[in-house]
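One letter stands for each residue in the lines below.
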Amino acid sequence: MVKLYHRYKPSLTFGVIASLDANISYNGSGKLLLSPALDQLGLWNVRQGVCTKYLSPSQETQKPSLSITSVASSSSTVATGHADGSIRIWDCEKGTCETTLNGHKSAVSALRYSRSGSVLASGSKDTRVIIWDLVGEAGLFSLCGHKDQVTDLVFLDSDKKLATCSKDRFLRVWDLETQHCVQIIGGHQTEVWSLDADPEENYLVAGSADPELRFYSIKQDNQANDQSSDIENNWEILKPLGEIRRQSKDRVGTLRFNQRGNLLACQAAGKTVELYHVLDEAASKHKAKRRLKRKKEKGNVADALNPTVVVSDVFKLVQVLRASKKICSIAFCPLSPTTHALATLSLSLNNNSLETYSLNIDEVKRTHVIELQGHRSDIRSVSLSSDGSLLLSTSHNAVKIWNPGNGSCLRTIESGYGLCSVFLPGNRYALIGTKSGTLEVIDIQSSCCVEVVEAHGGSVWSISLIPDGNGFVTGSADHDIKFWEYHQVQKSGGGSGHLVLTNVRTLKMNDDVLVVCVSPDSKYIAASLIDCTVRVFFLDTLKFSFPLYGHKLPVLCMDISSDGDIIVTGSADKNLKIWGLDFGDLHKSIFAHADSVTAVKFVQDTHYVFSVGKDRLVKYWNVATFELILSLDGHHAEIWCLAVSHQGDFVITGSHDRSLRCWSRSDDLFSAEEEREKRVEEMLESDLSAVEEANFGVKQGLPEEGSARSSAKVTKDTLTKTDLLIEALDIAEEELKRLEEIEEDARQGKASSFQPNPVMNGFPPSDYVLDKLSNIHPNDLEQTLLSLTFSDSLKILSYLKGWACIPSKVELVCKVATVLLQTHHNQLTATPAAKPILSALKEGIHEKVKECKDLLGFNLAAMDHLKEMMAVRSDALFQDAKVKLLEIRSQQAKRADQKTDEKVKKRKKRSASSNELLAAP
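Residues numbered from 1 in each chain as written. Predicted model: local features only at pLDDT ≥ 70, side-chain atom pairs only at ≥ 80, totals over all residues. Heavy atoms only, no water.

## Re the overall build of the protein chain
No. 1: Within the protein chain, the secondary structure is distributed over 15 helices and 57 strands.
No. 2: Here the protein chain holds 921 residues, and 49% of them are scored as buried.
No. 3: Carbon together with sulfur atoms contributes 51% to the accessible area of the protein chain, which is approximately 45200 Å² in total. (Helix = DSSP H or I, 4+ residues; strand = E, 2+ residues; numbered from the N terminus. Buried < 20%, exposed > 50% of the residue type's maximum accessible area, 1.4 Å probe, protein only. Areas by Shrake-Rupley, 256 points an atom, 1.4 Å probe, with all protein chains shown as cover.)

## Brief notes about the sheet that holds strand E4 (residues 40-45)
Backbone hydrogen bonds are what pair the strands of a sheet, in a parallel or an antiparallel way.
No. 1: Strand order in the open sheet formed by four strands is E2-E3-E4-E5, and the pairing between neighbours is antiparallel. Of all the strands in the sheet, just strand E2 (25-26) and strand E5 (50-55) have a single pairing partner and so form its edges.
No. 2: Across two bridges, E2 lies against strand E3 (residues 33-37) in antiparallel orientation. Bridge pairing in E3 places Ser25 opposite Leu34. (Pairing = 2+ DSSP bridges.)

## Some points on the sheet that holds strand E45 (residues 544-548)
No. 1: Reading across the sheet, the four strands line up as E42-E43-E44-E45 and stay open at both edges, with antiparallel pairing between neighbours. The open sheet terminates on both sides in strands that have one partner only, identified here as strand E42 (513-518) and E45. This sheet shows a mean twist of 20° between the axes of neighbouring strands, independent of strand direction.
No. 2: Pairing of strand E43 (residues 524-529) with strand E44 (residues 534-538), which is carried by five bridges, proceeds in the antiparallel orientation. Paired with Ala527 across the strands is Arg535, a residue of E44. (Axes fitted to C-alpha atoms, helices over the stretch in contact; angles between N-to-C directions.)

## Focus on the side chain of Gln267
No. 1: Structurally, Gln267 can be placed in strand E23 (residues 263-268).
No. 2: Assessed through its relative accessible area of 1%, Gln267 is described here as buried.
No. 3: In terms of polar contacts, Gln267 uses its side chain to reach the side chain of Thr254, at 2.8 Å.
No. 4: Within the local environment of Gln267, its side chain forms a polar contact with the backbone oxygen of Ile327, the two atoms lying 3.2 Å apart. (Polar contact = N/O pair within 3.5 Å; in protein donor to acceptor, adjacent residues only side chain to side chain.)

## Some details on the packing of aromatic side chains
No. 1: Scanning the entire structure with this criterion turns up 16 aromatic pairs.
No. 2: When the centroid spacing of 5.6 Å and the interplanar angle of 70° are considered together, the rings of Tyr5 and Tyr608 count as edge-to-face. In this pair, Tyr5 sits in strand E1 (residues 4-14) while Tyr608 sits in strand E51 (residues 608-613), placing the two residues 603 residues apart along the sequence.
No. 3: Here Tyr5 falls in the buried class, since its relative accessible area comes to 3%.
No. 4: A relative accessible area of 18% means that Tyr608 is categorised as buried.
No. 5: Ring centres 5.0 Å apart and planes at 85° place the aromatic pair Tyr8 and Phe610 in the edge-to-face group. A residue pair is termed long-range when its members are at least 10 positions apart, and Tyr8 in strand E1 and Phe610 in strand E51 qualify at 602 residues. (Phe/Tyr/Trp six-rings, centres within 6.5 Å; stacked < 30°, edge-to-face > 60°.)

## Describing helix H4 (residues 281-298)
Residues that lie three or four places apart on an α-helix share one face, since the helix turns once every 3.6 residues.
No. 1: The terminal C-alpha atoms of H4 lie 26 Å apart, and with 18 residues this matches the ideal 26 Å at 1.5 Å per residue to within 8%.
No. 2: Those residues of H4 that sit buried are Ser284, Ala288, Arg291 and Leu292. Buried residues in H4, looked at end-on, bunch into an arc of 95°, giving them a common side. Every exposed residue of H4 that faces more than 90 degrees away from the buried side is listed here: Ala282, Lys289, Lys293, Lys296 and Glu297. (Expected span 1.5 Å × (residues − 1). Arc of directions from axis to C-beta.)

## Topic: the pattern of salt bridges
No. 1: Taken as a whole, this structure holds 26 salt bridges when the rule is applied.
No. 2: Close ionic contact of Asp210 with Arg214 constitutes a salt bridge, the shortest N to O distance being 3.9 Å. By the burial criterion, Asp210 is buried, and Arg214 matches it.
No. 3: A salt bridge links Arg738 to Glu735; the shortest N-O distance between them is 3.2 Å. With Arg738 and Glu735 both in helix H8 (residues 716-747), this residue pair falls three residues apart, about one helical turn.
No. 4: Overall, Arg738 belongs to the partly exposed group, its relative accessible area being 31%. (Salt bridge = Lys/Arg side-chain N within 4 Å of Asp/Glu carboxyl O.)

## Examining the pairing of strand E17 (residues 180-185)
No. 1: The sheet contact formed by strand E16 (residues 171-175) and E17 spans five bridges and is antiparallel. Counted as the bridge partner of Leu171 is Ile185 from E17.
No. 2: Taken together, E16 and the strand that follows it, E17, pair antiparallel across an intervening segment of four residues, in which Gln179 is found at a positive phi of about 60°.

## Some remarks on the packing of helix H11 (residues 790-803) against helix H14 (residues 834-873)
No. 1: Contact geometry of H11 with H14 gives a least axis separation of 8 Å together with a crossing angle of 30°. Between H11 and H14 lies a crossing whose hand is left-handed. Contact with H11, carried on its side by Leu794, Leu797, Ser798, Leu800 and Lys801, involves Ala834, Ile837, Ala840 and Leu841 of H14 and no other residues of that element.
No. 2: Residues belonging to the contact of H11 with H14 are distributed by class as follows: seven nonpolar, one polar and one charged. (Left-handed = near helix turned anticlockwise from the far one by under 90°. Contact = heavy atoms within 4.5 Å. Nonpolar A, V, L, I, M, F, W, Y, C, P; charged D, E, K, R; others polar.)

## Some remarks on the packing of H11 against helix H12 (residues 810-823)
No. 1: Contact geometry for H11 and H12: axes closest at 10 Å, N-to-C directions at 150°. One way to sum up the angle between H11 and H12 is to call them roughly antiparallel. The hand of the H11/H12 crossing is left-handed. Between H11, through Ser793, Ile796, Leu797, Leu800 and Trp803, and H12, the contact on the second element is made entirely by Val813, Val816, Ala817 and Leu820. (Parallel < 35°, antiparallel > 145°, perpendicular 65-115°, else oblique.)

## Things to note about the nonpolar core
No. 1: The biggest cluster of nonpolar side chains holds 28 residues, and the ones touching the most others in it are Leu773, Leu785, Ile796, Leu800, Trp803 and Val816.
No. 2: At the level of secondary structure, the elements contributing two or more residues to this core comprise H8, helix H9 (765-774), helix H10 (778-786), H11, H12 and H14.
No. 3: By residue number, the principal contributor to this core is H11, which donates seven residues.
No. 4: When neighbours within four sequence positions are excluded, Leu800 is seen to be in contact with Val813, Val816, Ala817 and Leu841. (Core = buried A, V, L, I, M, F, W, Y, C linked by side-chain atoms within 4.5 Å.)

## So, the pairing of E4
No. 1: By the criterion of burial, E4 is predominantly enclosed, with six of the six residues buried.
No. 2: Because side chains alternate across E4, one face comprises the buried residues Gln40, Gly42 and Trp44, and the other comprises Leu41, Leu43 and Asn45, equally buried.
No. 3: With five bridges connecting them, E3 and E4 associate as antiparallel partners. Counterpart to Leu33 in the pairing with E4 is Trp44.
No. 4: Summarising the sheet, E4 and E5 pair through five bridges and their orientation is antiparallel. Residue Leu41 lies in a different strand from E5, and its bridge partner there is Leu55.
No. 5: Hairpin connection, E4 to E5: the antiparallel pair is bridged by four residues, and Gly49 has positive phi, about 70°.

## With respect to a negative patch on the surface
No. 1: A cluster of acidic residues, Asp521, Asp563, Asp565, Asp582, Asp585 and Asp605, forms a negative patch on the protein surface.
No. 2: Tracing the sequence through the fold places Asp521 in the loop between E42 and E43. (Patch = residues over 30% accessible without salt bridge, like charges linked within 9 Å, V, L, I, M, F, W, Y side chains within 5 Å. Lys, Arg positive; Asp, Glu negative; His and termini not counted. Charge placed at Lys NZ, Arg CZ, Asp CG, Glu CD.)

## Notes on unusual backbone geometry
No. 1: The backbone of Thr127 sits at a positive phi, close to 75°, despite the residue not being glycine.
No. 2: Inspection of the secondary structure assignment puts Thr127 in the loop between strand E11 (119-124) and strand E12 (129-133).
No. 3: With a phi close to 75°, Lys574 is a non-glycine residue in the positive phi region.
No. 4: Examined against the element boundaries, Lys574 turns out to sit in the loop between strand E47 (566-571) and strand E48 (575-580).

## Thoughts on a positive patch on the surface
No. 1: Taken together, the side chains of Arg895, Lys899, Lys903, Lys905, Lys906, Arg907 and Lys909 present a region of like positive charge at the surface.
No. 2: Within the secondary structure, Arg895 is located in helix H15 (residues 881-919).

## What to know about the confidence of the model for the protein chain
No. 1: Summary statistics for the protein chain give a mean pLDDT of 86 and a share of 89% for residues scoring 70 or more.
No. 2: Predicted confidence is poor over residues 227-232, with pLDDT under 50, and the contacts of this stretch with residues over four places away or in other chains come to three contacts.
No. 3: Counting interchain partners and residues more than four positions distant, the pLDDT-below-50 stretch residues 691-703 has 18 contacts. (pLDDT = per-residue confidence, 0-100.)

## Some points on the environment of Thr720
No. 1: With respect to the secondary-structure elements, Thr720 resides in helix H8.
No. 2: Considering only alpha carbons, one finds Thr720 and Thr784, 64 residues apart in sequence, at a separation of 9.0 Å.

See the structure below:
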């Protein structure tokens, strides 16, 4: 009989506030800060310090997804770029993924919305820039020209132009109407990391590892018309304006203008942000006159005769913001600050925290900090209470207590560098073993460290409880295994007592002790040494029982089953070894992970084992049959620690990526054979991905430099949809043959009943194929059609004339016809059977497209009429209505906040006056 197991699934991820390799951004309303947390996007209310919602792709696909590498927001949606090159469009209010766009072959490094919010530009490590139509949910074209990773981009000239920068040290300006590069700008000596343009599109600034920021003036539409006679100048969109020397020696990380355009922030790759005040035209001219006046006083008459405004007259350094840690990214709040400050700036730091500053010309003030919901560095140990209601995690300077049910941080306690931890019986106290050799006793209820014991002369690597509840054992790098007892001492004043630790025995070893483990029956104690051996002793007499030889590298973890029969050891040699604890015989050696095995734990009262390693995987084993049951993928860095609940209903893992992940046991049953077949299929698919792309990919040579190409990309979903479409064509063809046979029998007077194919769900053959074709995502349509054979393409072309009669499908018919005719032009012209199909298509499609065009023209004219009527009734412009609405709402929110502040002040005054009256004699 096949053995069935309960499947463990990812249920919760917590502990990460801000990722290191992604930018932060504000949403369209400016009330929420969007902070990528590995594969999730956190929506933070900065004032309250609370994450209102997490947007997770894994919730949509039920598969482990890659980390978020870039974020951009518009008035209504949010776009996230991922490490696999995909882009997801989110609705923040609903918390759902509206669409997924696939086009890039590697990680998305830059995202930017157009001003209208209907077009999205993305840059990637694959050196391409793709322009996406968010209304049609498809890629328009791909811009090729950069020779290295695209680092940043910005729309110019009312979304008609696009400026991009790259690690190839060049800036490029693209004309989106002609889909070609119109200007290439050099001059940078190192990689260009960021660029941005002010809201009025007067200036563009670019930054690299050079000590200077380079500024360019942007040609406006009226300037282009005035210089139409000069062809060379007409294509010069960006004109060098000058340079300003930066204060920091680190490379530029991010350059951003605020919403009003009067402030420029230059974030260096260190701890500083340089703030430049952008002066208006009158102030810059006044500053230029003062500069010329000083030159006249110094006798530089030749220089004084030139009254030109230079870049230093416009951009003035006013403040240098210094953060406590290295800054990863910055973002300006689009809302105007309530105080007299110029702007509000948020920072994401590399210690997993967010900070918000109020910026002014005179001072920079930190207003909010979000740091309690995560550790400052990697998580080294986790421990669960006996009832599974509390989770304790340690890091380099703090201990945090969590609710594993919802991932909320309950307590944060300062401590040393915790390497191991354990809850004592009763769950009132916890022990922390530190890198400095101390044992810290944590009182859970009071959330404080009640005692620190100098336990060892080296790092405490392991703590193991003695099952009878009398004490615990510690192993250290000072070659000692120490046995401890604890008892509670009441305070003299009658208050609550505290825990006292007493060292009762010490076992000297010849080398560093990495792991200690006591058997559940308190008979044996096993100690792993750095000499790659495990030594087993009798717990009562401490006499040596037997060694466990076999690992080629030190054993980093081990655990003993509840019945005391089996001990499992995990080593830096990537192997799990299963031993019998009665004689010390080796049952099986398993190559378990692709890197060092860091933790292993038995499920209570079973022979099932969880193991984790530096290969970022969690694996579930049956050590009785020596088979891998399940492999769980989700972490983005090495996994250091593991904790299994006493009931085995969930597992907690802690990683170098600073995240804690909960894997819950579900009611879904599966067999190990099913998982094995699934893993083999995934391996085959990964091996064949390159072959599939070569066979089904876009057949074209390298594009001309600075030109556009198709944004199509071969994916597994594309090939699956192609197979479904081919299957639908075959079924429809068979159905048509059956219908012809029935008609022929009817002509000959033979009576026969026709039974429709149940697979078609009652659709006629043409409608059945149309239904399958309509279900293909618009972004995948082109690549799906390119994967069809010529005979299948002819079948689809024969259906197009009938589909064109459906008004809602005219656009789809035009797309399909265009792709197929461009792809198979040579074969179609050389095939006589295709001539009647093309003739019928020519007659039908032109007429239907003209009708659709007339309908759209009528609707546009009606909308223009409505626009004029609304413009007459209101002073606000029609296109500015949404902006005006947002301004009104923000003003109302400010008034509400002011009213609440006034009410609080009145209450304080009343309470103060009442206290004075009571205090008066």
